[in-house]
Amino acid sequence: MNDGLLAWRRQWLTKPFLAWYKKQLPPMSDTEREAIAAGTVWWDGQLFSGRPDWSILRNFPKPELSAEEQAFLDGPVNTLCAMLDDWKIRRDRDLPEEVWRFIRSNGFFGMIIPKEYGGLGFSALMHSQVVLKISSRSLSAAVTVMVPNSLGPAELLMRYGTEESRKYYLPRLAKGEEIPCFALTAPEAGSDAASIPDSGIVCHGEHKGQRTLGVRVTWNKRYITLAPVATLLGLAFRLHDPDHLLGDKEDIGITLALIPTTTPGVKIGRRHFPSDQAFQNGPTQGKDVFIPMEYLIGGKEHAGQGWRMLMDCLAAGRAISLPALSTGAAQFCARMTGAYARVRRQFGVAVGRFQGVEEALARIATTAYALEAARKLTASTLDKGEQPSVISAILKYHATERMRAAVDDAMDVHGGRGIQDGPRNYLFGAYQSVPVAITVEGANILTRSLMIFGQGALRCHPHLLKEMEAAKLADPNEALKAFDKQLFAHIGDLISNMIRAFWHNITFGAFAHAPSLPRIGWMYHHLHAATVTFAAVADLVMGTLGGELKRKESLSARLGDILSELYIASCVLKRFEDDGLPKEDLPLVEWNLRNSLCTIQRRTDEVLNNLPFRPAAWLLRIVAFPLGRWRRVPADRLAHACATLLLEPGQTRDRLTGGIFWSKNPNDATGRMEAAFTAAVERDHFDDRLRASLGKGARAALADPELAVRHNALTRAEADTLIRANAIIRDAIDVDDFAPEELTAGASASDRPAAAAE
Ligand SMILES: Cc1cc2nc3c(=O)[nH]c(=O)nc-3n(C[C@H](O)[C@H](O)[C@H](O)COP(=O)(O)OP(=O)(O)OC[C@H]3O[C@@H](n4cnc5c(N)ncnc54)[C@H](O)[C@@H]3O)c2cc1C
């Protein structure tokens, strides 16, 4: 563009628009700004651009553990899992002493601490893998291991601590000599954590008999994991300096400290009782507790930077713990529910063969596949230096929500067998613990409504943040120049995305710039079309709503759902390629892709139905649905194929559930169901033969193999095998029962019910 035209554009178009834009800009608090600035942008940025470069995703190295990590997983992690009896843990309301000892002495609390400080120095992928495996055995044990390795003292020290504090605390944390917790939440400040009323005043006080500059802190925190047993309390509070002992500022801001729980005035030790789980969780209080400056994480140089420090850690941390827990639960549901649905017969048929149950099994299987794909890829991006704040919010929300649905489905398929709690029940503990995952690290409704798209739009959009920054430049000329540049690039991209989205939607993505691979090429092409459409819809919705979008949470949530489906579907395709395109897994991939594309269609429709500025909605409807809303949920034949993968022994079932622990001991709840699954496969083989030879008499002969021998339908040896299989199956469908006094309060935790006596 020539200079004259550019000057005219700036003067007559951009300048008035900029004046209007500045008035529309939503007010942004420092804490919001810090949350948006936290972390990095990766594949999410590509999805927002409307021009995803699939080679970035496909060329990302396949996530793999090192030999040393694999050995730890096969060794100490398996040993720990075998030691865990979740029924006993839940009844005792604590991990057994030998489990605590094992966890501490094998370095589980120091997985993320570098080797130079005595830790195991594991990758984020390994950290996630360990939590996944333990969670398939006991949520209480998984949370206990997870917390010291996630957002908390160790990570904060590694990123911001002084070298002196690192050298002192990290080796002690790594060896489990210190048990850490981190206290942010207060009764008044839950989701709105930045509004904590807990405060500290900079002053002089006495420490180790000396007059020392420090802080007098008062706090009242609740819900703090590991607090009742913690020796080291990480604490967030707002720091004030009324006497200007540190500088000019009086309200310094949120500050983080590490306080030994033996410090006079620290009240800690009482317990909450979260969802009937046994992990340690409780409140802590302190009134006018004096701490020296050296207790502040990073020293006084980091005073007031606590919120940014927390947000930076959260950007990465949320991608690990809860996605791992959720994937573990989904894989566990897949393995055990598939087994039970094959073992359990009603109306003479394994319940998993009924179409209604197949639907539930298909949802569980495809969830296990998709969550593993997203978990693994996202964790390994952390190992490559990313801190994907938007993607980690996507994973936190969608992993926990999909896990909740998978656990619900698993409970439904198990019927009464899932409800009757006791040592034979491997599912009920997971069912009870679901709300914990939903609520912690950003409660789910808030995460969906405010964070995924709300933060994602600003963080990942190629122009939005740059436009806001340009508008705020102090020099009006510089502001006009920078804003003009961004604005017109933005308009160009919007028009291009609208045209390309329309084109891809009428040609079913056939001409999209996406990989053309056998079997899954069409999926890439459709996903590409959906991505361009999302970019166009998101842009125009934001353009017409401006700052108002912050209050339109439901619209923001739906746009976030679309972004999330695009991300998870990308991970599914990436996993399939990384796994070597095994054709047996294809139904899982196709189900996931069709389901994601259908959800995207539904959410886009909902956004357009609710968009206040109707002309924009009409225009976007033409762009997004030029041929109408033709996508359908995955067909029954696909659900049947996915469910069958859980009902048959084989590599796909093993691959799908490869991260979890199940016992080989037939007296263990999971080992019993595995043994019954093998027995059921044997029984069904006999059933086919008996049906062929005895017709209607087969059902009675299957239950009483002696009848089959009498009718020469089975040999003696075969009948004995069937009798053994029937006994194993019978045992596996049994539930626990208790003498009434065993269930009354105070019954010894180690009381074993009659049915469990081995
Ligand atoms: C078992 C457990 C362990 C925990 N461990 C720790 C710990 O170790 N350290 C720590 O500091 N904290 C911990 N927490 C606290 C946890 O992070 C908070 O519970 C969480 O932040 C939510 O706060 P709240 O429970 O007060 O819910 P509230 O903030 O009261 O929220 C209630 C509901 O409103 C929704 N909501 C709130 N604001 C919005 C909004 N703007 N838009 C849409 N929806 C909204 C929420 O999503 C939620 O559904 C733990 C909590 C639990 C239950």
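Procedures and definitions
Residues numbered from 1 in each chain as written. Predicted model: local features only at pLDDT ≥ 70, side-chain atom pairs only at ≥ 80, totals over all residues. Heavy atoms only, no water. Phe/Tyr/Trp six-rings, centres within 6.5 Å; stacked < 30°, edge-to-face > 60°. Helix = DSSP H or I, 4+ residues; strand = E, 2+ residues; numbered from the N terminus. Buried < 20%, exposed > 50% of the residue type's maximum accessible area, 1.4 Å probe, protein only. Lys NZ or Arg CZ within 6 Å of the ring centre and 35° of its normal. Core = buried A, V, L, I, M, F, W, Y, C linked by side-chain atoms within 4.5 Å. Contact = heavy atoms within 4.5 Å. Near = heavy atom within 4 Å. Areas by Shrake-Rupley, 256 points an atom, 1.4 Å probe, with all protein chains shown as cover. Nonpolar A, V, L, I, M, F, W, Y, C, P; charged D, E, K, R; others polar. Salt bridge = Lys/Arg side-chain N within 4 Å of Asp/Glu carboxyl O. Patch = residues over 30% accessible without salt bridge, like charges linked within 9 Å, V, L, I, M, F, W, Y side chains within 5 Å.

Chemist: Just checking my understanding: could you explain the packing of aromatic side chains for this structure?
Modeler: Each aromatic ring pair is summarised here by two numbers: the centre-to-centre distance and the angle between the ring planes. Within the structure shown, the criterion is met by 20 aromatic pairs. Ring geometry for Trp43 against Trp54: centres 5.2 Å apart, planes inclined by 55°, an arrangement best described as tilted. One end of the pair, Trp43, is in helix 3 (residues 43–49); the other, Trp54, is in helix 4 (residues 54–58), with 11 residues separating them in the sequence. You'll find Trp43 and Trp54 in the same group, each marked buried. Clustering of aromatic rings is evident, with ring pairs tying together Phe17, Trp20, Tyr21 and Phe483. Here the basic side chain of Arg9 rests over the ring of Phe488, its NZ or CZ set 3.7 Å away from the ring centre. Above the ring of Trp662, the side-chain terminus of Arg335 is found at 3.5 Å from the ring centroid.

Chemist: How should the nonpolar core be read in this particular structure?
Modeler: Nonpolar side chains in soluble globular proteins tend to be buried together. Counting 192 residues, the largest nonpolar core has Phe108, Ile134 and Tyr567 as the members making the most contacts within it. Discounting residues that sit within four places of it in the chain, Tyr567 has contacts with Trp42, Trp43, Leu47, Leu377, Thr378, Ile391, Ile394 and Leu395. Core analysis: the next-biggest nonpolar cluster, separate from the first, contains 31 residues, Ile113, Ala186, Ile196 and Trp307 among them.

Chemist: I keep staring at the site of the ligand and nothing clicks. Help me out?
Modeler: The immediate surroundings of the ligand are formed by 20 residues, with Leu184, Thr185, Ser191, Tyr223 and Glu553 found nearest. Relative to its free-state accessible area of 980 Å², the ligand is covered by the protein chains to the extent of 68%. In the shell around the ligand, the residues fall into 13 nonpolar, six polar and one charged.

Chemist: Looking at this structure, I do not really get the pattern of salt bridges. What am I missing?
Modeler: Where charged atoms of side chains with opposite charge meet at close range, the side chains can pair. Taken as a whole, this structure holds 52 salt bridges when the rule is applied. Between Arg629 and Asp605 there is a salt bridge; the shortest N-O distance is 3.1 Å. Here the residue Arg629 occupies a position in the loop between helix 24 (614–624) and helix 25 (636–647), and Asp605 occupies one in helix 23 (residues 586–610), the gap between them amounting to 24 residues. In this structure, Arg716 and Asp720 form a salt bridge, with 2.8 Å as the shortest nitrogen-oxygen distance. Placement of both Arg716 and Asp720 in helix 30 (residues 716–733) is noted, with a separation of four residues, approximately one turn of the helix. Taking the relative accessible area as the measure of exposure, Arg716 reaches 39% and is therefore partly exposed.

Chemist: Can you help me understand a nonpolar patch on the surface in this one?
Modeler: The grouping of Phe502, Trp503, Ile506, Phe508, Phe511, Ile622, Leu627 and Trp630 at the surface amounts to a nonpolar patch, some 780 Å² of accessible area in total. Tallying contributions element by element places helix 20 (residues 476–506) first for the nonpolar patch, with three residues. Here Phe508 lies in the loop between helix 20 and helix 21 (521–545). On the basis of relative accessible area, Phe508 is assigned to the partly exposed category, the value being 39%.

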